[in-house]
Each structure stands twice: as C-alpha cells, then as structure tokens.
Amino acid sequence: MKKKILALALCLTLIFTLGACGGGNNDGGSADSSGSNTVVVAMGGGFTSLDPGYVYEKNPPVVINACYENLFKFYSNDGEAEPCLADTYEFSDGGKTLTVKLKDNIKFASGNEMTSADVLFSINRTKNLKGNPSFICDTIESMEAPDDKTVVFHLTQADSGILSKLTYCSLAIVDSAVVKENGGTDAADASTADKAQAYLDTTSAGSGMFIMTSYKPDQEIVLEKNPNYWGEATNVDKYIIKIQPDANTQMMTLSSGDLDVALNLTDDTMAELEGKDNLKGINSPSKTVGFVLMNANESIGGPVANPKVQQAIRKAIDYAGVHEICGEGTITPYSVIQSGFMGSKGERSVDYTNIEDAKALLAEAGYPDGFDIDLTVCDLDMEGILLTDLAQKVKEDLSKIGINVNIVTQAWAAGYGDDYRDGKIPFTVMYWATDYNDPNVQLEFLPGASVGTRAGWTENMSPEIGAYYDKVMAATDTDARIAVLEELQDKMYDDGPFLFIAQAPVHIGYNTRLEGVAASDPYTLDLTQINIK
C-alpha cells in the first residue's frame with residue numbers, strides 16, 4: 001500500500017472530503033432481464049459472530065462493510081485510508097493526538113442522527129469487550145467529544161498505522177441508542193456486562209447502505225437496502241449471501257445462473273469460466289497469507305519448539321509445489337511482510353528449499369532420525385484453498401527429512417478456533433487475512449503480540465525481534481518506516497515459529513450483469529460498489 005509521508009501530517013491539517021461512504025454510483029442502470037435487483041453472493045464460512053465488536057475472521061467484513069461505516073475507508077485496494085464518516089482530521093502533539101470532525105446529516109438505519117457520542121461508544125465498546133479484535137485499540141489511550149461533531153483521540157504513542165486501523169470493521173460506528181436498548185454497554189466491564197451480541201448477530205445497527213435482515217448460521221445472510229441511507233446508493237436492493245465454502249459448488253451455481261458472485265473459486269474452477277460470455281473471472285493477488293505455526297512453548301510444541309527444527313522445516317518445504325496447489329498468481333512472501341505492502345522485500349525464492357540442509361539442521365537439534373508429530377488443521381479455506389490440502393503438502397514434504405506427520409482435522413467452531421487463539425495448538429497450518437490494509441498489521445506476529453502468543457512466542461524469547469514493534473510504530477516518516485520494516489523481515493527470514501508458505505491469489509467469478517465487482521483486501525468484496533447494468 002502506498003502511503004504519503006505521515007510526518008507531514010504531524011505539522012499540517014489534512015483535509016479530505018468524500019460523499020457517501022459507500023461510494024456507490026447509481027447511474028440509473030436497470031436490473032437484469034428478469035427485473036431482479038437482488039444479487040446472490042457465495043462466500044466461505046468459519047465465523048461465529050456478526051457483531052462489529054467481535055468480528056475478526058476473513059468473511060464477516062463483506063457484511064459489516066455493507067451495513068456499517070467507519071471514520072475512514074479504503075475505496076480502492078491499492079489506495080490510502082480516506083475519510084468516510086469523518087469530514088476532516090488533524091494530527092498534533094507529535095502524532096499522539098488525532099482530532100476528527102464528523103460529516104453533517106448522517107443518519108443510522110433507525111433514523112437516529114450520528115454524533116460523536118456514537119463514535120466514542122462504538123470504539124470503547126470494542127476495546128472493553130476484550131474480544132479478539134480489541135488489540136486494534138491498543139494505541140488508543142483515551143477519547144473525548146468536545147461537541148457533537150468532534151472526536152479527539154489521545155494515543156499512547158505516535159502510531160503510523162492509526163488511520164488504517166480506524167477502517168477496520170470492528171471499529172465500525174454503531175447506533176449507540178439501539179445497541180444500548182438491546183443490552184449493549186461500552187463500560188470497562190463490557191466483557192461481562194454487554195448482552196448485545198445476540199441482537200447484533202441477527203440484525204444490524206449501522207449507517208451503511210444495507211441492513212441485515214436475516215442470518216442463518218452456516219447457511220445464509222440477507223441484506224436489504226437501508227431506506228434511511230444518507231448517501232448515494234447503488235441500484236442493488238437486496239443481497240442474499242450464501243455460506244458455501246466449496247469451490248466446485250460455487251462454480252456450478254454460478255454457471256447455472258443461481259449465483260451472481262463466487263468468492264471462493266480455485267485455479268481449477270476458474271478455468272471453467274473460459275468461453276462463457278455471461279461470466280467473468282478475477283485472478284488478483286491478495287495479502288492473505290498461509291503459514292505454518294510451530295509452537296515455541298516446549299511444553300506444547302515439543303520438538304517444533306526447537307529453533308533448529310523450525311529452520312529445518314523451513315528448508316524442507318517445497319515452495320514451488322505449494323504454488324501449484326494454490327494456483328496461478330501464488331507467491332511465497334520473503335518474510336513477515338506480504339508483497340504489496342509498503343516496505344515489503346518481495347518474494348522468497350522457491351530455491352530456498354534444501355533437503356540436505358534440512359536434515360543437517362534436524363541432526364543439530366538432536367533429531368537425526370526425525371520424529372512423529374500431530375498436525376492439527378481446521379475446516380477453513382484460504383481464498384478457496386482448503387487448509388487440509390496445504391497440511392497434506394506439509395506432511396509430504398516433511399516426510400523427506402524423517403518427520404512423520406499425522407494430520408488431525410478439527411472444525412473451527414468445534415474447538416479449533418478457541419485452542420488456536422489460546423495458544424494451545426502445537427503444530428498447525430493456518431492463514432491470516434489482513435485486519436487493516438497496512439504493514440503494521442503484521443506486527444501482531446512478533447513475540448508477545450496477539451498472534452505471536454498463539455505460537456507461544458513470548459517477548460523474552462526474542463527481545464531483539466520484539467523491539468521492532470515499537471520501532472515500526474514510531475517510524476512516521478515513510479523512508480524511515482520502510483528501512484525498519486526491511487530490517488524486521490531480514491530478522492524473521494530464517495528464524496521464528498512462523499513460516500509463511502504462500503501469499504494466495506484471490507479467484508472471483510461473477511455474472512456480467514454486474515459492474516463494480518473487484519477484489520478487496522480490507523473487505524473481500526465491497527458490496528457498496530456494485531451496480532446492476
């Protein structure tokens with residue numbers, strides 16, 4: 001992502017103004033030949049909540065971005081965070097204070113007018129719920145609302161990614177009156193006192209272009225046009241979102257005309273789009289990355305906690321073979337920062353694989369004959385690529401150096417998700433979709449940070465690497481930030497409990513009756529940009 005030198009923002013007031021957050025452009029286009037203004041979308045599952053205060057997985061942003069809005073938004077995949085509900089913003093106090101002026105005449109779906117009190121409630125609620133996404137508020141020390149249209153953020157330190165963070169769905173602005181009526185609170189004890197999740201899992205309370213009117217877990221979500229939408233809306237009246245992870249099923253329903261957009265196609269199923277006049281495909285690089293986690297806590301990870309074993313596994317993986325599984329457009333990121341982010345060092349060469357070196361490293365670690373280990377993997381997919389397929393590839397590759405892997409499958413919702421987040425899984429293949437479109441999001445993989453602790457990687461284990469968290473955050477000058485990010489990538493190239501094996505392409509198929517369909521790292525698919533021709 002390209003970013004301007006943030007240091008300039010510390011001295012100047014940066015003022016940007018945009019129309020409606022959705023950015024929809026209704027050119028008066030009509031619906032398809034059947035007269036339907038309903039669009040059917042298929043996406044993967046693997047999520048447990050649609051409450052903005054809790055959403056954290058890859059797919060919920062499709063819904064949250066359509067039903068809620070944020071102070072800032074990414075209107076293009078390679079652009080910068082721009083004002084949405086915000087009208088203007090200004091940095092001061094060496095970057096530790098951010099003052100945001102809100103747009104006028106913004107209404108929630110309920111008809112209530114949005115004020116600064118709603119902003120404070122929404123962000124404080126996410127912070128105090130202490131759910132998975134609460135870490136995104138870590139640099140927000142406090143907030144105040146001098147008047148109905150002004151919000152002042154006091155930060156713990158200069159945060160080079162704060163505007164990008166404020167685009168994330170968990171910091172979407174909710175209708176505080178409605179949420180409070182349904183048991184919500186932003187108080188310090190919200191983690192136990194808040195009772196609004198059940199309500200927000202089945203309906204929405206935002207200012208977005210659409211309202212969630214129905215949610216059947218693991219089956220279907222229905223969104224309908226918000227009659228009180230304050231901005232310019234698209235001509236889509238209704239979205240039916242099918243939770244349908246299987247790529248072959250998505251392709252069949254897309255081909256039959258029962259589906260308009262398929263978000264989880266694979267390289268193989270994309271080939272079936274060729275020659276079909278009413279269907280188009282998007283094969284675009286994403287920042288979603290698949291990784292091998294080797295728990296650094298020896299009491300949990302056992303042999304994979306050994307740094308030499310971790311290095312051996314790095315050398316044993318057949319990266320070119322992983323590319324074949326994931327399909328055209330796949331790359332292996334150089335290290336912790338994905339290709340496409342500011343400061344990325346690009347790709348790791350597929351020639352990094354060296355079986356003899358891997359065997360030697362295993363012997364140095366005390367395992368000349370290898371060892372047996374369980375690899376637990378869940379039922380999720382990474383851009384349509386089943387994690388079980390990647391786990392099978394890891395098993396095959398490690399067998400060449402004497403590591404005998406037994407694959408244990410477990411559903412995300414049946415315990416894997418909790419165990420993964422609690423750092424209880426010894427050895428796994430997982431994926432990471434960016435929470436906010438900024439390289440700082442990858443700092444969570446550092447020792448002591450939110451994802452680092454899932455691998456049992458505490459700051460005292462690698463204090464030199466851990467120190468890069470604050471170094472990157474404080475680097476508000478673009479050139480300085482790039483230099484620090486490059487140093488970090490070199491430090492994690494050979495070391496650490498995470499091995500980033502594939503930066504996946506996104507494969508989307510859609511009916512040509514639609515326009516505005518595009519891949520989005522922040523939102524997967526921005527429903528507010530789609531019109532029917």
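> I'd like a description of the overall build of the protein chain, backed by residues and values.
When its secondary structure is counted, the protein chain shows 18 helices and 23 strands. Its C-alpha radius of gyration of 23 Å places the protein chain within 12% of the 24 Å reference for a compact globule of 533 residues. Along the first, second and third principal axes, the C-alpha set of the protein chain runs to 70 × 60 × 40 Å. The 533 residues of the protein chain split such that 60% are buried. For the protein chain, the proportion of contacts with a sequence separation of at least 24, taken over those separated by at least 6, is 71%. Here the protein chain contributes 40 positively and 76 negatively charged side chains, and the mean placements of these two sets differ by 1 Å.

> I'd love a proper account of the environment of Thr-453, names of residues and values included.
Inspection of the secondary structure puts Thr-453 in the loop between strand 18 (427–432) and helix 16 (463–466). Residue classification places Thr-453 among the partly exposed residues on the basis of a relative accessible area of 38%. Sequence-distant contacts of Thr-453, that is, excluding residues within four places in its chain, are made with Gly-423 and Gly-448. One polar contact links the side chain of Thr-453 to the main-chain carbonyl oxygen of Ser-450, over a distance of 2.9 Å.

> So what about the packing of helix 12 (residues 319–326) against helix 14 (residues 387–399)? Which residues, and what values?
It is the contact of helix 12 with helix 14, at a shortest axis distance of 11 Å, that shows an interaxial angle of 155°. By the angle class used here, helix 12 and helix 14 are roughly antiparallel. For the element pair helix 12 and helix 14, the recorded crossing hand is right-handed. Facing helix 12, whose interface residues are Gly-321, Val-322, Ile-325 and Cys-326, helix 14 presents Asp-389, Leu-390 and Lys-393. In terms of residue class, the contact of helix 12 with helix 14 is built from four nonpolar, one polar and two charged.

> So what about the packing of aromatic side chains? Which residues, and what values?
Applying the stated criterion across every chain yields a total of 22 aromatic pairs. When the ring of Phe-210 is compared with that of Tyr-239, the centres are 5.1 Å apart and the planes differ by 70°; the resulting orientation is edge-to-face. Of this pair, Phe-210 sits in strand 9 (residues 210–216) while Tyr-239 is found in strand 11 (residues 238–243), placing the two residues 29 residues apart along the sequence. In this structure Phe-210 comes out as buried when scored by relative accessible area, which is 1%. Looking at Tyr-239, the relative accessible area reads 0%, which means it is buried. Taken together, the ring pairs in this structure connect Tyr-56, Phe-135, Phe-291, Trp-432, Phe-445, Trp-457, Phe-498 and Phe-500 into an aromatic cluster. Sitting above the plane of the Phe-341 ring, Lys-287 keeps its charged end 5.1 Å from the centroid. Across from the ring centre of Tyr-468, 4.3 Å away, lies the NZ or CZ of Lys-471, which sits over that ring.

> Any chance you could break down the nonpolar core for me, citing the residues and the numbers?
Phe-153, Leu-398, Phe-427 and Met-430 are the most contacted members of the largest nonpolar core, which totals 111 residues. Examining the composition of this core, we find that six residues originate from one element, strand 19 (residues 498–511), more than from any other. The residues touching Leu-398, leaving out its near neighbours within four places in the chain, are Ile-313, Ala-316, Ile-317, Ile-403, Val-405 and Phe-427. Core analysis: the second largest hydrophobic core is formed by 46 residues, Val-179, Ile-221, Leu-223 and Leu-514 among them.

> Could you give me a rundown of the state of the cysteines, with the residues and numbers involved?
Considering all chains together, one arrives at zero disulfides under this definition. Of all cysteine sulfurs, the one in Cys-67 lies closest to Cys-169, which takes part in no disulfide; the gap is 10 Å. Given a relative accessible area of 2%, Cys-169 falls into the buried group. With no disulfide of its own, Cys-326 has Cys-378 as its nearest cysteine by sulfur position, at a separation of 15 Å. Here Cys-326 falls in the buried class, since its relative accessible area comes to 1%.

> Can you tell me about the pairing of strand 2 (residues 38–43), naming the residues and giving the values?
Across the six residues that make up strand 2, a large majority, five, are buried. As judged from the two bridges shared by strand 2 and strand 12 (residues 261–262), these two strands associate in the parallel manner. Directly across from Val-41, in strand 12, lies its bridge partner Val-261.

About the criteria used
Residues numbered from 1 in each chain as written. Predicted model: local features only at pLDDT ≥ 70, side-chain atom pairs only at ≥ 80, totals over all residues. Heavy atoms only, no water. Helix = DSSP H or I, 4+ residues; strand = E, 2+ residues; numbered from the N terminus. Rg over C-alpha atoms; globule rule 2.2 N^0.38 Å. Buried < 20%, exposed > 50% of the residue type's maximum accessible area, 1.4 Å probe, protein only. Contact = heavy atoms within 4.5 Å. Lys, Arg positive; Asp, Glu negative; His and termini not counted. Charge placed at Lys NZ, Arg CZ, Asp CG, Glu CD. Polar contact = N/O pair within 3.5 Å; in protein donor to acceptor, adjacent residues only side chain to side chain. Axes fitted to C-alpha atoms, helices over the stretch in contact; angles between N-to-C directions. Parallel < 35°, antiparallel > 145°, perpendicular 65-115°, else oblique. Left-handed = near helix turned anticlockwise from the far one by under 90°. Nonpolar A, V, L, I, M, F, W, Y, C, P; charged D, E, K, R; others polar. Phe/Tyr/Trp six-rings, centres within 6.5 Å; stacked < 30°, edge-to-face > 60°. Lys NZ or Arg CZ within 6 Å of the ring centre and 35° of its normal. Core = buried A, V, L, I, M, F, W, Y, C linked by side-chain atoms within 4.5 Å. Disulfide = S-S within 2.5 Å. Pairing = 2+ DSSP bridges.

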